[in-house]
Amino acid sequence: MKIIQIIPEFGLGGAEIMCENLTYELLKSGYDVIIISMFSYHSAITERLEKAGVDIRYLGKKSGFDLSMIWKMRKIFKVNHVDVVHTHRYCAQYAIPAAVLAGIKRRIHTVHNIAQKENGKFARKLNKFFFKYCNVIPVALSDLIRDSVVKEYKLKREKVPVILNGIDLSKCIRKQNYSVGDIFKIIHVGSFKEAKNHVGLIEAFDQFHHKHGNSELHLIGEGEKRAYIEEIVSSKNLENSIIFHGSQSDVYAFLKDMDIFTLPSLYEGIPITIIEAMGTGLPIVATTVGGIPDMLNGNNALLVPVEISAIAKAYEKYYCNINLRRAHGLAALEAAEKFSAKTMAQKYIEIY
C-alpha cells in the first residue's frame, strides 16, 4: 500500500510526534509513506523525518481557508497512485474532497482530542458529512474521545475504532535513582496554550515552592502564551526557580534527570508527553481530563482534579515519600508497554 499522511505543520505537538512515530513504523513494515505538510514550517521533527529519507511535500498554505489545497492534494494523490489517505487535526476539510476527486476510497481521520475541542464549528460540520457520507473512518485515541466523537457526529460506537498513541519506547532513558538531590525537580512538557494550563501550573508550583524552597520547575515548549507566563513568573519572583528551556528535539535527556513529571491540563487527548514520562519511569502528577485516566490510575500516578491546591498537594505527597515515587515510577514504566509505536502501527494497518 502507498499511504499518505496529512498534517497542517510539524510543530512539536502530540499529533505531530504521533504522525512521525507512525511513519517510521509503517516504513519498517514495508509500506510506502508520503507526508503532506500544508504549511512550509520546518522543525526538529521534519529534520528527523528528512534525515530518515521520508518524502515530505510542503504545500505553502495561505492563512484562512485555502481552496488551492484541494487541487494540490488531488494532484499528489493521482500522480503517486495513493491507496490510503490518513488525516490529522483540521486537514480533512481539504484532503477528503481531494481523495473523493482522486477516487481514493480508503480514508482515515485520527481524532486527537475531544471532538468538540479538536476543530472549529465549520470543520466539525464538514467532518460530520465526511463520516456519514464519504466513507471516512474516525479513529479515536481513547474511549473518552470515542464517546465524544459518537456524541458530536451522531455515529454508532462500533464505527469508531480506538487506537492508543505510541512511541518508540527504546528511545526512553530509564530513570535509575529515585533519591532527591539538593534540588527537587519538576518538569512539564507542552506548548504554551490554554489547554495546557500553565497559569494553574505556576500557581500550584508557587504554593509548593513556598514550603520547599529547594524546588525547581522546568518548562519545555513554545507557544503564543509563553511571554504571558513569563510575566506571571516574574511577578511572583520565581525567575530563579522556574526555568524555560524552549522547544527541545530530545526531551528524554531532560526527563531522566527529573524527580517528577506534571501535566495539569484543562483538556487532553492521549498526551505523548505522558507516554514519554511513563517510558522513563517518572512519577507523574496529572489532571483527570481527556484520555489521561485511560493511561494512568492510582497505582502508577497521582491523578487530581483541575484545582491548584490539589496539584500542589500531589507535589508535596511525592516530595515527602521516596517509596511512593519509586513505586509509581516503576509501575508507570511497566504500563508504558501498551503505548508502543509498533502496536499502534499494526492496528492502523488493520484499518487501512
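Counting starts from 1 at the beginning of each chain's written sequence and moves along it residue by residue. Residues qualify for local features only when their pLDDT is at least 70, as the model is predicted, and side-chain atom pairs are given and counted only at 80 or more; totals for whole chains, interfaces and linings, by contrast, use all residues. Only heavy atoms go into the side-chain values, all of them from the structure, while hydrogens and water stay out.

(A) Structural context of the side chain of H328. By the secondary structure assignment, H328 is in helix 14 (residues 322–335). The residues touching H328, leaving out its near neighbours within four places in the chain, are G298, N299, N300, A301, L302 and Y318. Strands here mean DSSP runs of E at least two residues long; helices mean DSSP runs of H or I at least four residues long; both are numbered from the N terminus. The contact definition used throughout considers only heavy atoms, calling two residues in contact when any of these lie within 4.5 Å.

(B) Focus on the environment of I187. As for its placement among the helices and strands, I187 is situated in strand 7 (residues 184–189). Through-space distance from the C-alpha of I187 to that of T280 is 13 Å; in sequence the pair is 93 residues apart. Residues within four places of I187 in sequence aside, it is in contact with H218, I220, F254, L255, M258, I260, F261, T262 and L282.

(C) Looking closely at the sheet that holds strand 4 (residues 84–88). Strands qualify as paired when DSSP identifies two bridges or more between them. Within the open sheet, the 6 strands sit side by side as 3-2-1-4-5-6. Their pairing is parallel. What marks the edges here is a single partner per strand, and that holds for strand 3 (55–58) and strand 6 (136–140). On average, each strand axis in the sheet is inclined to that of its neighbour by 20°, with strand direction left out of account. When strand 1 (residues 2–7) meets strand 2 (residues 32–37), the two strands line up parallel, connected through 6 bridges. Residue pairing in the sheet places I4 in a bridge with I34 of strand 2. Geometry is summarised by axes, namely lines fitted to C-alpha atoms with helices restricted to the contacting stretch, and by angles between N-to-C directions that run from 0 to 180 degrees.

(D) Here's a closer look at unusual backbone geometry. One non-glycine residue, N197, lies in the positive phi region at around 60°. Within the element layout of this structure, N197 appears in the loop between strand 7 and helix 8 (198–211). For N197, a relative accessible area of 12% puts it in the buried group. The phi angle at N237 is positive, at roughly 55°, despite the residue not being glycine. Each residue's exposure class comes from its accessible area (1.4 Å probe, protein chains only) as a fraction of the maximum for that residue type: buried when under 20%, exposed when over 50%, partly exposed otherwise.

(E) Examining the side chain of K2 more closely. Looking at the secondary structure, you find K2 in strand 1. Throughout this description, a polar contact denotes any pair of N or O atoms lying within 3.5 Å of each other; where both atoms belong to protein, one of them has to be capable of donating a hydrogen while the other can accept it, and for residues adjacent in sequence the pair is counted only when both atoms sit in side chains. Of note is the side chain of K2, whose polar atom sits 3.4 Å from the backbone oxygen of N80. In this structure K2 touches D32, I34, N80, H81, V82, D83 and V84, once residues within four positions along its chain are discounted.

(F) Geometry of the packing of aromatic side chains. Classification of ring pairs rests on two measures: the distance between centres of Phe, Tyr or Trp rings, Trp counted by its six-membered ring, which must be within 6.5 Å, and the angle between planes, read as stacked under 30 degrees, edge-to-face over 60 and tilted in between. As enumerated under the stated definition, the model contains 11 aromatic pairs in all. A ring pair is formed by F65 and F122, whose centres lie 6.2 Å apart and whose planes are at 90°; its orientation type is edge-to-face. Of this pair, F65 sits in the loop between strand 3 and helix 3 (68–79) while F122 sits in helix 6 (residues 121–133), and the two are 57 residues apart along the sequence. In textbook terms, an aromatic cluster arises when at least three aromatic residues are bridged by ring pairs, as seen for F184, F208, Y315 and Y319. Criterion for a charge above a ring: Arg CZ or Lys NZ at most 6 Å from the ring centre, at most 35 degrees from the ring normal. Seen from the ring of Y267, K117 lies directly overhead, with NZ or CZ sitting 4.6 Å from the centre.

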